[in-house]
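Structural characterization, general
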Amino acid sequence: ELNVRAAGWYTDKLGDHAAAEACLRAALAADVETPEAHEKLVALLRAPGRAADLVAALRAWAESDSDEFGKKERLREAARIAEAELSDHEIAGTCLSSLLDIDGGDVEALADLSRIRAAQGRHAEVAELLVRRIDVEMSPEARLDLRRQLAALYAGPLDPPAGPVTSSYRTLTEVE
């Protein structure tokens, strides 16, 4: 608690962000489950040029947070920053995978991770993600579009698997 207070003092009274960051990191080293320290550290790291540190801090906060909604939002933000500012698709994908471990039906995370894995050429993972998206999608039109994407994937870089997906693939390719 003293480190968190000291960080506020360094920031507000002295404008010494490096000292404030050191205090916040000490507070988190003492107790990783200090939400106020996480919150203040993330706020400090939003400064320009600190994107990598910000992503790491958001991931650490998500890891220690007990609130699932908060975890998901921090991981989603970390993924967006990793992709957009750092061009690090691997970290972005890891963040989204962690988010899906919390909520496997998060449509936005499934879509974003599909897009990232497609850009990485990881087609087998894209196929798995499309199947998961089909399962959680509510709109019949959107499910049909996802099935078409899956069929196109199997018509292109992947061989169709055996089983129910193969029959769906054949049905879609015959219809089109």
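Residues numbered from 1 in each chain as written. Predicted model: local features only at pLDDT ≥ 70, side-chain atom pairs only at ≥ 80, totals over all residues. Heavy atoms only, no water.

Turning next to the overall build of the protein chain. The secondary structure content of the protein chain amounts to ten helices and zero strands. Counting from the amino terminus, helix and strand elements in the protein chain follow one another as α-α-α-α-α-α-α-α-α-α. Within the span of the protein chain, comprising 176 residues, buried residues form 37% of the whole. Of the contacts formed within the protein chain by residues at least 6 apart in sequence, a portion of 37% connects residues at least 24 apart. Summed over all atoms, the accessible surface of the protein chain reaches about 9,800 Å², with 51% contributed by carbon and sulfur. (Helix = DSSP H or I, 4+ residues; strand = E, 2+ residues; numbered from the N terminus. Buried < 20%, exposed > 50% of the residue type's maximum accessible area, 1.4 Å probe, protein only. Contact = heavy atoms within 4.5 Å. Areas by Shrake-Rupley, 256 points an atom, 1.4 Å probe, with all protein chains shown as cover.)

This part is about helix H8 (residues 123-136). Residue pairs spaced three or four apart in an α-helix point in one direction, given the helix's 3.6 residues per turn. A rise of 1.5 Å per residue sets the reference length of H8, with its 14 residues, at 20 Å; its end C-alpha atoms lie 20 Å apart and thus fit the reference within 8%. Those residues of H8 lying buried are Val126, Ala127, Leu129, Leu130, Arg133 and Ile134. The buried residues of H8 all sit within an arc of 165° when viewed along its axis, so they share a single face. Across from the buried face of H8, at angles greater than 90 degrees, the exposed residues are Glu128 and Asp135. Summarising the contacts, the buried residues of H8 are in contact with helix H6 (89-102), helix H7 (107-119) and helix H9 (140-155). (Expected span 1.5 Å × (residues − 1). Arc of directions from axis to C-beta.)

What follows concerns the pattern of salt bridges. As enumerated under the stated definition, the model contains 18 salt bridges in all. Linking glutamate 36 and lysine 40 is a salt bridge whose minimum nitrogen-to-oxygen distance equals 3.6 Å. Of this pair, glutamate 36 and lysine 40 both sit in helix H3 (residues 35-45), separated by four residues, roughly a single helical turn. Since its relative accessible area comes to 43%, glutamate 36 is described here as partly exposed. (Salt bridge = Lys/Arg side-chain N within 4 Å of Asp/Glu carboxyl O.)

Bear in mind that shape data such as this cannot, by itself, settle questions of function.
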